[in-house]
Amino acid sequence: MRVAFVLYPDFTALDLVGPYEVISRWPGAEVHFVASSPDPVRCDSGLTVLPSDTPATLPDPDLIVIPGSGNPLPVLEDTVLVEWLRGAAPKCAWTASVCTGAGLYAVAGLLDGKSTTTHWGFRDYLKALGVKVVPDRVVWEGTHVSGAGVSAGIDMALSLTERVHGREIAEALQLIIEYDPEPPFDSGSPAKADARTQRLARRIMLGDQPVRAAARFGREVVRARVRRARGAVSAT
């Protein structure tokens, strides 16, 4: 199975590496790292990955896995990746996203009328694109699977492994990577974190200029809603 892990500037390392540690151990897995160009790609915290392929050299993968990002909007304007995804994904046996990686599928029109999950901080943007967003950690929609924020990519990959190779292999791979989480705090989702923790988390995510970053994200949400409304009008 040809597996395409998608790379782009500012992707989140664990979104990629978590699923990779599971899926790369599949029987017969042929792993590829796909980016718009062959240049090294730096993640949002500094890790750099060398692409093995571009869309031109891998037009027909069997599985596509898209990681998310702490800076999720710029990649949505990468026409090379979006057009490749639009053509390749419908022919795949399986497709997957982690965190805000769901946004690329959405702008490619591949989540129309479908449900997905994503990082809690990105839900409003996907909803503005007309996507049905649910807060579950892993969500299946036919042959497409999505994981919520960052660490949920491991859960997503194990769930996908069960679908592709059966529960026995999935459980064995879970043991191999010793995925037996016992987090020291019970604040891993908005449903569990208190208000103070949520405020601090948002402040950290918004970076050194939180007001400007929040305003920019708000504008992008509004623009997404306007584009969707215009598309609906033109279609009538």
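Criteria and thresholds
- Residues numbered from 1 in each chain as written.
- Predicted model: local features only at pLDDT ≥ 70, side-chain atom pairs only at ≥ 80, totals over all residues.
- Heavy atoms only, no water.
- Phe/Tyr/Trp six-rings, centres within 6.5 Å; stacked < 30°, edge-to-face > 60°.
- Helix = DSSP H or I, 4+ residues; strand = E, 2+ residues; numbered from the N terminus.
- Buried < 20%, exposed > 50% of the residue type's maximum accessible area, 1.4 Å probe, protein only.
- Lys NZ or Arg CZ within 6 Å of the ring centre and 35° of its normal.
- Axes fitted to C-alpha atoms, helices over the stretch in contact; angles between N-to-C directions.
- Left-handed = near helix turned anticlockwise from the far one by under 90°.
- Contact = heavy atoms within 4.5 Å.
- Nonpolar A, V, L, I, M, F, W, Y, C, P; charged D, E, K, R; others polar.
- Pairing = 2+ DSSP bridges.
- Right-handed = clockwise from strand over helix to strand, strands pointing away.
- Salt bridge = Lys/Arg side-chain N within 4 Å of Asp/Glu carboxyl O.

**Re the packing of aromatic side chains**
For any pair of aromatic rings, the description consists of the separation of the ring centres together with the inter-plane angle of the planes.
Stage number 1. This model, assessed by the stated rule, comprises five aromatic pairs.
Stage number 2. Measuring from centroid to centroid gives 5.8 Å for Tyr20 and Phe33, while their planes differ by 45 degrees, and the two rings are tilted. With Tyr20 in helix α1 (residues 13-23) and Phe33 in strand β2 (residues 30-34), this residue pair connects regions lying 13 residues apart in the sequence.
Stage number 3. Residue class for Tyr20 comes out partly exposed when judged on its relative accessible area of 29%.
Stage number 4. Residue class for Phe33 comes out buried when judged on its relative accessible area of 18%.
Stage number 5. Their ring planes at 25 degrees and their centres at 5.3 Å tell us that Phe122 and Tyr125 sit as a pair that is stacked. Each member of the pair, Phe122 as well as Tyr125, carries the same accessibility label: buried.
Stage number 6. Counting every residue linked through ring pairs, the aromatic cluster contains Phe5, Tyr20 and Phe33.
Stage number 7. For the cation-ring pair, Arg163 lies above Trp140, with the distance from its terminal atom to the ring centre recorded as 3.8 Å.

**Quick look at the packing of helix α5 (residues 152-165) against helix α6 (residues 167-176)**
Stage number 1. Following both chains from N to C, one finds α5 and α6 inclined at 145 degrees, their axes separated by 7 Å at the closest point. In the crossing of α5 with α6, the sense of the turn from one axis to the other is right-handed. Residues Leu158, Thr161, Glu162 and His165 of α5 form the contact with α6, whose own contacting residues are Arg167, Ile169, Ala170, Leu173 and Gln174.
Stage number 2. Here the contact of α5 with α6 is built from residues that sort into four nonpolar, three polar and two charged.

**So, the pairing of strand β6 (residues 94-98)**
Stage number 1. For β6, the tally of buried residues reaches five of five residues, placing the bulk of the element in the interior.
Stage number 2. As defined by bridge partners, strand β5 (residues 63-66) adjoins β6 across four bridges and the pair is classed as parallel. Within β6, the position partnered with Ile66 by the bridge is Ser97.
Stage number 3. What joins β5 to β6 is helix α2 (residues 79-88), and the crossover it makes is right-handed.
Stage number 4. Of the pairings in the sheet, the one linking β6 to strand β10 (residues 144-147) comprises four bridges and is parallel in character.

**Focus: the pattern of salt bridges**
For side chains bearing opposite charge, pairing can occur when the charged atoms are close.
Stage number 1. Evaluation of the coordinates by the stated rule reveals seven salt bridges.
Stage number 2. In this structure, the salt-bridge partner of Arg2 is Asp60, at a minimum N-O distance of 3.5 Å. You can see Arg2 sitting in strand β1 (residues 2-6) and its partner Asp60 sitting in the loop between β4 (48-49) and β5, a full 58 residues away along the chain.
Stage number 3. Arg2 sits in the partly exposed class, given a relative accessible area of 27%.
Stage number 4. For Asp60, a relative accessible area of 37% corresponds to the partly exposed category.
Stage number 5. When the shortest N-O distance is used, the salt bridge between Arg167 and Glu171 registers 2.7 Å. With a gap of four residues between them, Arg167 and Glu171 both fall in helix α6, about one helical turn apart.
Stage number 6. The class for Arg167 is exposed, based on a relative accessible area of 55%.
Stage number 7. We classify Glu171 as partly exposed; its relative accessible area is 43%.
Stage number 8. Look at the salt bridges and you will find they share partners, linking Arg2, Asp60 and Asp62 into a network.

**Topic: the side chain of Ser115**
Stage number 1. Secondary-structure assignment places Ser115 in strand β7 (residues 115-116).
Stage number 2. Once residues lying within four places of it in the same chain are set aside, the contact partners of Ser115 are Lys132, Val139 and Glu141.

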